[in-house]
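Descriptive analysis of the structure
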Amino acid sequence: MGHQSVARHPKWDSNLRPTGEQDPVKATHHTDCYHDDELIVRRGQPFQIALELSRPFKHSTDKLHLELKTGTHVIIPLVDELENVCWQSQITEQSGNRVQLLVSSPPNALIGRYQLTVTTGCAKGEATSTHDPASDIYMLFNPWCEGDTVFMDNEDERMEYVLNDTGRIYYGTEKQIGVRTWNFGQFSEGILQACLFILEKSKVQPFGFGDSVNVVRVVSAMINSLDDRGVLEGNWSGDYEEGTSPTAWSGSVDILKKYYAEGGTPVKYGQCWVFSGVTTTVLRCLGIACRSVTNFQSAHDTDVSLTTDVYFDENMEPLDRLNTDSVWNFHVWNDCWMARPDLPPGMGGWQAVDSTPQETSQGTFCCGPASVNAIRTGQVYLKHDTPFVFAEVNSDKIYWQRNLDSTFSQIYIEKKAVGHCISTKAVGSDERMDITDLYKYPEDTEEERIAVETASRYGSRPETYSSPAAEDVQIEVVMEGEGPRMGADAQLKIVLRNQSRHPRRATLHSQVAVMYYTGVLKGTIKREKLPVELMPSEVKTIEWVLPYDQYQDQLVDQAALMLTLSGRVSETQQVLATQHNFRLRTPDLTITPVGEAVVGKEMAAKISFTNPLPRTLKSVLFRVEGLGLQNVREIAVGDVGSHCSVTLTEHFVPTLPGPRKLVASLDCRQLTQVHGVADILVKEK
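Residues numbered from 1 in each chain as written. Predicted model: local features only at pLDDT ≥ 70, side-chain atom pairs only at ≥ 80, totals over all residues. Heavy atoms only, no water.

**A word on the overall build of the protein chain**
Scanning the protein chain from N- to C-terminus turns up 11 helices and 37 strands. Counting only C-alpha atoms, the protein chain reaches 110 × 60 × 35 Å along its principal axes. Relative to its 685 residues, the protein chain shows a buried fraction of 58%. Looking at the protein chain alone, contacts between residues at least 24 apart form 68% of all its contacts between residues at least 6 apart. Accessible area for the protein chain stands at about 27,800 Å²; split by element, carbon and sulfur atoms hold 48% of it. (Helix = DSSP H or I, 4+ residues; strand = E, 2+ residues; numbered from the N terminus. Buried < 20%, exposed > 50% of the residue type's maximum accessible area, 1.4 Å probe, protein only. Contact = heavy atoms within 4.5 Å. Areas by Shrake-Rupley, 256 points an atom, 1.4 Å probe, with all protein chains shown as cover.)

**Overview of the packing of helix H3 (residues 191-201) against helix H4 (residues 212-222)**
At a closest axis distance of 10 Å, the pairing of H3 and H4 adopts a crossing angle of 90°. By the angle between their directions, the pair H3 and H4 is classed as roughly perpendicular. For the pair H3 and H4, contact is made by Ile198, Leu199 and Lys201 and by Val215, Val218, Val219 and Met222, respectively. Taken together, the residues of the contact of H3 with H4 sort by class into six nonpolar, no polar and one charged. (Axes fitted to C-alpha atoms, helices over the stretch in contact; angles between N-to-C directions. Parallel < 35°, antiparallel > 145°, perpendicular 65-115°, else oblique. Nonpolar A, V, L, I, M, F, W, Y, C, P; charged D, E, K, R; others polar.)

**A few points about the UniProt feature "active site" (unreviewed entry) in the protein chain**
UniProt records the feature "active site" (unreviewed entry) for Cys272, His331 and Asp354 in the present numbering. These annotated residues cover 83 residues of sequence, and their C-alpha atoms all fall within 9.7 Å of one another, placing them together at a single site. Structurally, His331 can be placed in strand E17 (residues 326-338). Setting aside chain neighbours within four positions, we find His331 in contact with Cys272, Val293, Thr294, Asn295, Ser298, Asp354, Thr356, Gln358 and Glu392. Take Asp354: it is sitting in strand E18 (residues 349-354). The exposure class of Asp354 is buried, given its relative accessible area of 3%. (UniProt positions renumbered as here; feature names shortened; annotations may be inferred.)

**As for helix H2 (residues 155-163)**
Residues Arg158, Glu160, Tyr161, Val162 and Leu163 constitute the buried set of H2. Among the structural elements, strand E2 (39-42), helix H6 (272-286), strand E15 (290-300), E18, strand E22 (420-425) and strand E23 (432-434) are those in contact with the buried residues of H2. One side-chain oxygen at the N-terminal end of H2 lies 2.9 Å from the backbone nitrogen of Asp156; it belongs to Asn154. (Polar contact = N/O pair within 3.5 Å; in protein donor to acceptor, adjacent residues only side chain to side chain.)

**So, the sheet that holds strand E20 (residues 397-402)**
Ordered by their spatial adjacency, three strands build an open sheet running E16-E20-E21, and the pairing between neighbours is mixed. At either end of the open sheet lies a strand with only one pairing partner, and these are strand E16 (308-312) and strand E21 (408-414). Going from strand to strand, the sheet's axes swing by 25° on average, the running direction of each strand aside. When E20 meets E21, the two strands line up antiparallel, connected through six bridges. Across the sheet, residue Gln401 finds its bridge partner in E21, namely Ser409. (Pairing = 2+ DSSP bridges.)

**Describing the nonpolar core**
Core analysis: the largest hydrophobic core is formed by 81 residues, its most contacted members being Leu199, Val231, Val282, Leu286 and Tyr439. For Leu199, the contacting residues outside a window of four places in its chain are Ile111, Phe209, Val215, Val218, Val219 and Leu286. Ile475, Ala490, Leu508 and Trp544 belong to the second largest nonpolar core, which has 59 residues in total. (Core = buried A, V, L, I, M, F, W, Y, C linked by side-chain atoms within 4.5 Å.)

Next up, the structure:
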């Protein structure tokens, strides 16, 4: 042979396609949505690359193999026929100096960025091409591949949980469920690089990035900044002067780009829905089906008792120093889909993962993946962090009273206190889907009680459950319609039912406190005692009112309040106790598109808002964004007077066709959680 063949330019198949034709590799690998020029493929599925050699390749005398480097060094031999379960390559076409290869990868290949080089050889020796970053290969998880642990067999669900780049995140209270649109933006330019940068920053060895459980656990730890200077710094103080208020974000793209551009400096600030939104973006970007999930009345068990404990003194006054368990009005985490070969059969499918830093897991602030099936059945001994998630959705709230000898007696069990209206966006629509039945059996069924008692046996207080006390008086707090509105008096009804044939008397201790949505109380703003007399079989309704002037200067994020009622029936010594969380509803931003929506043609949208408060809003800021419509833009509105309206017109040029969402949010110190969305169908040019 005259001279050896050298691989000059390894290229992927996009260079072979006719001008204007959709990239065949990216289309078959469902990666054509990524706004990046690199070769992005999914593991366990063959892909094509083209090699430009210095002379024609001769099968009889020449040798050729590919080399990939990431966390490991992979040599890909040239074979006559692919097996599709390991790294191999096969020549499918040859024309002059150009060779087209079909390359197969195993379904458990490491995900990440692979550096590609080509080694060719003949009788005179070998030569290896110089590494060119433009030839790097990005390998992702593959929900379309049956051999991949993240395989999902429903195409509609894959479209929603892997390929949909917008979604809905729920918040508020179970009686007043609010919703906001979130731009996940997992295909936006630079986001894949940012996601891989997050994995690199974790300091976890890359050879673990073939295991979906391990990758999800790393992402859970890295989305929060504790321990490892991850993506987002949490802040629940109400003071966001050094960063962006958590309620002001409406998408993940800005956050991830900022983190990547600043070399891994945590972005300020996040709370649970922001942590969840970013987690959804990262996992979908890497190829794992994921969704944001909201749990209303979400318990935070601090002592692994698997119960939510409320302590009172001898006079039925709350003991704040002992009441470390809390119930958040809502908490947002994620479900991701995967097999769990590390657990018993039946534990695959949806797995709960929580990136909000609450408790440590094996010394790190992360949570999950915990099998949702294990949570439902109370099998809290199965990893990872199943006891914590079980307590969030299905712990009983147990009320304790201090005795004269300083011991505590269990006086009441509230079995339906936590884990209500567990919500996520429905597949293929913007409707809310209730998935409570995936996390727990229906309340009061034998299966649900067995799950609770099974879980409790593995907690720190296994002797908790005994025979329930008899009771013939019931107490309930009722809210009419959508509940109280910001800027007006808050009104609720306390309903007491005497189910006996005898009179009953009690004194209700009432206190209402301003509360962070996490269940942490800022302070009590109203206390009163309510004497109650009930005739036999009587149902009595007490009107309860909190005047606006008593809460106007006290509220924190989410405008949440907690009403606690406790008391004892004189005749029977039955304990009455309940807690009711509610929020003061805020108005929406109204967004009205103006003009025809066509790619490359300027259009506009009118954004309107009315201040509901009898006070001026100071330094109001609007944030507007829409994937394929407009990058994030901040608009300083200034002050908005009491009950005044403001309307502004935003001009933009759509860049992508199809259904799009324009999202806007309002940020100011006096009013939070104000946002709006408009659906815009963009036509091709």
